[in-house]
Amino acid sequence: MRLLLLVRAYQVYGHMKALLDPLDLEQREIPNDLDPAFYGFTKADLDREFFLGVWRMSGFLSENRPVRTLRAILTRLEQAYCGNIGYEYMHIADREQCNWLRDRIETPVPMAYNRQRREVILDRLIWSTQFENFLASKWTAAKRFGLEGGETLIPGMKEMFDRSADLGVESIVIGMSHRGRLNVLGNVVRKPLRQIFNEFSGGTRPVDEVGLYTGTGDVKYHLGTSYDRPTRGGKRIHLSLVANPSHLEAVDPVVVGKTRAKQYYSNDVDRTKNMGVLIHGDGSFAGQGVVYETLHLSALPNYTTGGTIHIVVNNQVAFTTDPKSGRSSQYCTDVAKALNAPIFHVNGDDVEAVVHVCELAAEWRQTFHTDVVVDIVCYRRFGHNEIDEPSFTQPKMYKVIQNHPSALEIYQKKLLETGQATKEDIDRIQNKVTTILNEEFLASKDYVPQKRDWLSAYWSGFKSPEQLSRIRNTGVKPEILKTVGKAIATLPDNFRAHRAVKKIFADRLKMIETGDGVDWALGEALAFATLLVEGNHVRLSGQDVERGTFSHRHAVVHDQETGVRYCPLDHVMMNQNEEMFTVSNSSLSEFGVLGFELGYSMENPNSLVIWEAQFGDFANGAQVIFDQFLSSGEAKWLRQSGLVVLLPHGYDGQGPEHSSARLERFLQMSDDNPFVIPEMEPTLRNQIQKCNWQVVNVTTPANYFHVLRRQIHRDFRKPLIVMAPKNLLRHKDCKSNLSEFDDVQGHPGFDKQGTRFKRLIKDQSGHSDLEEDIRRLVLCSGKVYYELDEKRKSTERKDVAICRVEQLCPFPYDLIQRELKRYPNAEVVWCQEEPMNMGAYSYIAPRLATAMKALDRGNSDNIKYVGRAPSAATATGFYMVHVKEQSELVENAITSDTITNPTIS
Ligand SMILES: Cc1ncc(C[n+]2csc(CCOP(=O)(O)OP(=O)(O)O)c2C)c(N)n1
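Just so you know, these numbers come straight off a predicted model, no measurement behind them.

Cut-offs and rules
- Residues numbered from 1 in each chain as written.
- Predicted model: local features only at pLDDT ≥ 70, side-chain atom pairs only at ≥ 80, totals over all residues.
- Heavy atoms only, no water.
- Domains from an automatic or database assignment.
- Disulfide = S-S within 2.5 Å.
- Buried < 20%, exposed > 50% of the residue type's maximum accessible area, 1.4 Å probe, protein only.
- Salt bridge = Lys/Arg side-chain N within 4 Å of Asp/Glu carboxyl O.
- Helix = DSSP H or I, 4+ residues; strand = E, 2+ residues; numbered from the N terminus.
- Expected span 1.5 Å × (residues − 1).
- Phe/Tyr/Trp six-rings, centres within 6.5 Å; stacked < 30°, edge-to-face > 60°.
- Lys NZ or Arg CZ within 6 Å of the ring centre and 35° of its normal.

Peer 1: Quick rundown of the domain arrangement of the protein chain? Include the residues and the values.
Peer 2: Here the domain parsing of the protein chain yields domain 1 (2-106), domain 2 (115-420), domain 3 (478-649 + 697-741) and domain 4 (770-804 + 811-894). In this structure, domain 2 and domain 4 have C-alpha centres spaced 53 Å apart.

If you want it as structure tokens, here you go:
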């Protein structure tokens, strides 16, 4: 029994004694549990024979010699658990998984590579090493975040990919940060070396199909690429390295989302053909919260990708910070234990051990379809970047590093000593690599990038911002609206829905049948249903989106007796694939889930992918995705996304964290020029294509329907930020007629534009083209419109016009000017419910002034502001204060005789 406890101790704690640190600087306490004396064994016992038992045991205990000396047992335990690999797996609850690993770990000869394999490993290590040396010699002062000290990553990854391909993987999505990225790009993904070198020499901007320069570009160690790489086993594997910002780990959920989308589109139901691989730094893996958020998506039914392989390039320092200041756990990988993921720590100087665990990780992933971590413990030979001095802060470590041979030198020596390779073999490979690097360097001088590689098969035919896309109507045939409308408003016969839900569905059916009073939720469902019947994939994810935070959506209903779920949008067509419409409550994460959906949206343009925040206020938890990816991704990396973000926004007295999605921030990040009116003629208008994203604050169900459908019915993709309503979901006036959804032109009462999204909704009082008696034109956006309209009705003001700016960005100059012309004598008021330093005011003011100036209607001094006073918090926490503020601003906009202009008071 005591011997079994000792064996178990090695399985659990052996990794703590493993020789993981190439520099041998790590001071680790070896647990007493690994000392035979702890169990009462003495030296005298070493040569005693013990019977280890014959349980249904795997590993060395199952060998056919259950009787062995203690000495032999200890030797085997040390070899298996305390060599250059430390296995952490005993935290895994599943016995089958543990036994599977034990079999592989405890096998007597785990790494038996033949001469041929060793030559391949050597070749790959030479490539990895020479690549960095070559860059260092040609561009001595350029930042490249070299891999020196961690070069074994490259052979490790390549062997991992080869093994994965053998096991059925056809496509791998890779995410990684700066460290070694160029090496991975060149040697693993096979971005042409001449292109990488060209970028080092200053680079040429990419050229799109019509030969126009486009995009702002990014530093070379952020760029992505994709390639079909032949594998050692004679297959081809598609590799895509996703572009990413400096923000460490931010790309993690994006990679996972993109992988999931690939699985959907390749009908990879068991998730064995498409896989995600993430490469991390030790500092960022332990420190960045998005790692945890991403890991926790891994087993969720609508987010799982059947396992991501994580590789940590653990160089034991983060910029200048030692691990003891960078994390509270023993290993930088401990966060992954929360998932029951196995973790393989490996000494980065031992290339064969690295290759071994990389292959093992691939096998694990294909066998158990869960995450797995490889922790390559290495070092950073130089500073954080090439112009950084590391010994300012890590003097002892860098004294050791100075005299430490490279992994390649170590491997070459080993191969020579064991006769596995000759000096000639090594020289031959070294010379071949040098020659190719030099040839590619020469070719880089006149290298011209030809095409934008975001145009993968799914994206062909899509337009760049330089190519004009036609504006299309988005209405749908009335009979289709009726058919799908009935399908989504009907529950199965024997379904015992909650009483209130039954009523909601009965009301929906009535709306479809009468064509009257279509509300927000039905408008949205009609957009989804019609896109589905047109063959598009629709995916909506976020916290509590199935029912809807505000209990309005009920996209999934639950039988009150059995709990069985029913999703009406899964039944708009015969034999509809269940995943075609996916609505899924997400984990309680913003950064992770938004990143995931962004990645998902980038795979295939024929999908409407939506992330909804619980309240827009919480979206700033995902700020990095908004700033670094969504608003600027196309400009930096020439990748488009049509992701829709729904952010419930509006002042209804729920306090400072349930009122504002921070509309101002999204507008501030918009890149439409406030001082230049672009081409607005309908057949030439490509204002949206030229803009980084669209920001809307829509006020009718029909307009919401059209803005969603517009995302798909165009030849380009742009992110869409929607300030989504809360109290409009049930507002008596916030209803649309079904005729506003259809494609019939010339309905009485509606103009031709009724069949498409209205960027601006003109005053609803039936004004003619010229209304000289109107004294005030109130421009507003969002739900405050209904309060303004109500006030106007109750006060019977006939000299005030109210227009809704439904699309704030890009700014509808043409329609604003149309309204300015309609009311030539009106003072111009911008009314908002947000404080003056928030909301749309600071975005609107210069643009509105530009529109006015062009018509000789004055300048920004002539724009009157009505709204809340500037404020630090977004909203008051006192309901009564809210009510007073709100009624004052509404009154001020409609009834006050004079409005003091804030810019001149
Ligand atoms: C989110 C974020 N915070 C801070 C930085 C600045 N920064 C760049 S590299 C780095 C250290 C990274 O350490 P580690 O993850 O261990 O990777 P290594 O550079 O050692 O490979 C830091 C803090 C950043 N890029 N991203």
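Peer 1: Report on the state of the cysteines, specifying residues and quantitative values.
Peer 2: Each disulfide consists of one covalent bond between the sulfur atoms belonging to two cysteines. For the coordinates displayed, the defined rule picks out 0 disulfides. Of all cysteine sulfurs, the one in C378 lies closest to C358, which takes part in no disulfide; the gap is 12 Å. The class of C358 is buried, set by a relative accessible area of 0%. The thiol of C734 is unpaired, and the distance to the nearest cysteine sulfur, on C780, comes to 13 Å.

Peer 1: So what's going on with the pattern of salt bridges? Residues and values would help.
Peer 2: Summed over the entire model, instances satisfying the criterion amount to 65 salt bridges. In this structure, E603 and K258 form a salt bridge, with 3.1 Å as the shortest nitrogen-oxygen distance. Remark: K258 occurs in helix 8 (residues 252-265) and E603 occurs in helix 19 (residues 591-603); sequence separation between them is 345 residues. The burial state of E603 is the same as that of K258; both residues are buried.

Peer 1: Before we move on, can you summarise helix 1 (residues 2-13) with the specific residues and values?
Peer 2: Taking 1.5 Å of rise per residue, 12 residues should cover 16 Å, and helix 1 covers 16 Å from first to last C-alpha, within 8% of that figure. For helix 1, the complete set of buried residues consists of L3, L6, V7, A9, Y10 and Q11.

Peer 1: Describe the packing of aromatic side chains, listing the residues and the values that go with them.
Peer 2: Under the counting rule described, the total for this entry stands at 30 aromatic pairs. Connected via pairs of aromatic rings, a cluster forms that spans F134, W139, F197, F200 and F441. In this structure, R804 is placed above the aromatic ring of Y785, and the distance from its NZ or CZ to the ring centre is 3.6 Å. Directly above the aromatic system of Y786 lies the positively charged group of R804, at a separation of 5.9 Å from the ring centroid.

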